[in-house]
Amino acid sequence: MIALAEPNLSGNESEYIRQCMDTNFVSSVGPFVPRFEEAFAQFVGTPHAVAVSNGTAAIHMALILAGVGPGDEVIVSDFTFAASGNPIFYQGGTPILVDSEFDTWNLEPGLVVEELDRRARLGLRMPKVVLAVHILGYPARIEAIADACDRHGVWLIEDAAEALGARYTDGPYKGRQVGTIGRIGCFSFNGNKIMTTGGGGMLVSSDAALAQRAKYLITQAKLPGYAYFHNEVGYNYRLTNLAAALGVAQLERLDAFLDKKADIARTYDEAFQGLEGLRCPPRPTGLTPTFWLYSVMFSRPWEQPLEQLLKRGVQTRPLWTALHLMPPYQGVPLLGSGKVSESLCSFGLSLPCSTSLSKKDQAMVIEAVREILK
Ligand SMILES: *Cc1c(COP(=O)(O)O)cnc(C)c1O
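In this text the structure is predicted, and so the values were computed from the model without any measurement. The numbering scheme is per chain: residues are counted from 1 as the chain's sequence reads. Thresholds applied to this predicted model are a pLDDT of at least 70 for local features of residues and 80 or more for the giving and counting of side-chain atom pairs; totals over whole chains, interfaces and linings are not thresholded and use all residues. Water and hydrogen atoms were dropped before computing side-chain values, which therefore reflect all heavy atoms in the structure.

Comments concerning the domain arrangement of the chain
- Note that the domain bounds reflect an automated or database-derived domain assignment. By domain assignment, the chain separates into domain 1 (13-251) and domain 2 (254-373).
- Distance between the C-alpha centres of domain 1 and domain 2: 25 Å.
- In this complex, domain 1 contributes 44 residues to the contact, which on the side of domain 2 involves 40 residues.
- Put simply, buried area is how much 1.4 Å-probe accessible surface two parts lose in total, over both of them, once they are put together. Counting the surface lost from both domain 1 and domain 2, the interface buries some 3,900 Å², and carbon and sulfur atoms represent 68% of this.
- For the domain 1 face of the interface with domain 2, the top three residues by lost area are Leu97, Trp105 and Ile194, together amounting to 18%. Note on definitions: a residue-residue contact is assigned when non-hydrogen atoms from the two residues lie within 4.5 Å.

Brief notes about the site of the ligand
- Whether a residue is near a molecule or strand depends on its heavy atoms: if one lies within 4 Å, it is near. Around the ligand, the surrounding shell holds 16 residues, and the nearest of these are Gly55, Thr56, Glu162, Ser188 and Lys193.
- In protein, a polar contact means a hydrogen-donor-capable atom and an acceptor-capable atom, both N or O and within 3.5 Å, with residues adjacent in sequence counting only if both atoms are side-chain atoms; elsewhere, any N or O pair within 3.5 Å suffices. One of the side-chain N or O atoms of asparagine 54 is found 3.5 Å from an oxygen atom in the ligand.
- Contact distances for the ligand include 2.5 Å between an oxygen atom and a side-chain N or O atom of threonine 56.
- In short, Shrake-Rupley with a 1.4 Å probe defines the accessible areas, and a residue's cover is counted only from the protein chains shown. Look at the ligand: alone it shows 380 Å² of surface, and the protein chains cover 93% of it.
- Elements with a minimum of two residues in the shell around the ligand: α3 (55-65) and α4 (82-90).
- Counting residues per element, the shell around the ligand draws most heavily on α3, which supplies three residues.
- The class makeup of the residues in the shell around the ligand is five nonpolar, eight polar and three charged. Secondary structure elements are defined from DSSP: runs of H or I of at least 4 residues count as helices, runs of E of at least 2 residues count as strands, and each element is numbered from the N terminus. Gly is put with the polar residues, along with every residue not named as nonpolar or charged; the nonpolar set is Ala, Val, Leu, Ile, Met, Phe, Trp, Tyr, Cys and Pro, and the charged set is Asp, Glu, Lys and Arg.

Observations concerning the sheet that holds strand β7 (residues 184-188)
- Strands were regarded as paired on the criterion that DSSP finds at least two bridges between them. Strand order in the open sheet formed by eight strands is β1-β8-β7-β5-β4-β2-β3-β13, and the pairing between neighbours is mixed. Unpaired on one side and paired on the other, β1 (48-52) and β13 (334-335) mark the two borders of the sheet.
- Axis definition: a line fitted to C-alpha atoms, limited for helices to the stretch in contact. Angles are taken between N-to-C directions and run from 0 to 180 degrees. Packed on one face of the sheet, helix α5 (residues 109-122) meets β2 (73-77), β3 (94-98), β4 (129-133) and β13 and runs near 160 degrees to β2.
- Lying on the sheet, helix α7 (residues 208-218) is in contact with β1, β5 (155-159), β7 and β8 (201-205); it crosses β1 at an angle near 15 degrees.

What follows is the structure, encoded as structure tokens:
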């Protein structure tokens, strides 16, 4: 079976884990945690990074820092993984979903700008946050959204869990990586992401006070000093030294992982050019996606292609179900028709694209795809 996306742990991972074991620093305190935070901040180009237990915790903490509470609204992409939306409910907030655009598969900026401007015009209450997701390695078109957030005093938070290393190559954010545009950026190091710490996440910000407050809240809101004194309700959202050790080793190889993903995407694109019944992923201008999960659109629903490819030893996976189609979101407002996100989740399949994928295995995947399209 050719796997969809496997971790690649053949660098310094075991050496650094052994160092944790040898020194007994296996838990939430230890030298790899700050080392990981510093190296990560440098990689994405942000002044401050705070390691957390997973990407969902990073998003939850970001919403807490933005002051989202019961009754507050958060604008969020409709086409995303459930983890983008769940923390809104943890805080008693209400999501407002936004349909995607075909160009980047991310939230349609016009819909967000229009909604914020409309509310301002009518004197209606603003949402607290726009949570822009960078889906499947594609930077969202965030320029107009960031501008509208600025004008209306709304926090922009980025869920960059799937797009570590993706960047803008044109416009005002030229050269900037995803996660560094909003007040806070959130990342995930779950096992299937482009780099992994087993489970883990990172919260980044250019605001030192925000980062410091995040660190305090994820450490049970314990005040400095020997005494166990807590001024407010905190969280246990820290990352372990063991996980951070993996993170440091993975980060050393992230550039190579990104190169490999780009190479895999190029090879698939060339092989699938002109094939009837399948559309390659978009190649939008002005940004460089990572093709974290190389995903194609079939001209028929994904169920049959998935079964047919599985029979040929190729593991694939459907794209995320649009949030508005699932029970927790019944009755939640949706900006746009939801038709784009619906078609993405009806027809899309991700193909094998592990950073360890061999040329031979990729050729087998290509052959299998050609066969099922005959
Ligand atoms: C993976 C993911 C998360 C959550 O990350 P975990 O580390 O699994 O908690 C959040 N948002 C998106 C879009 C993701 O893909």
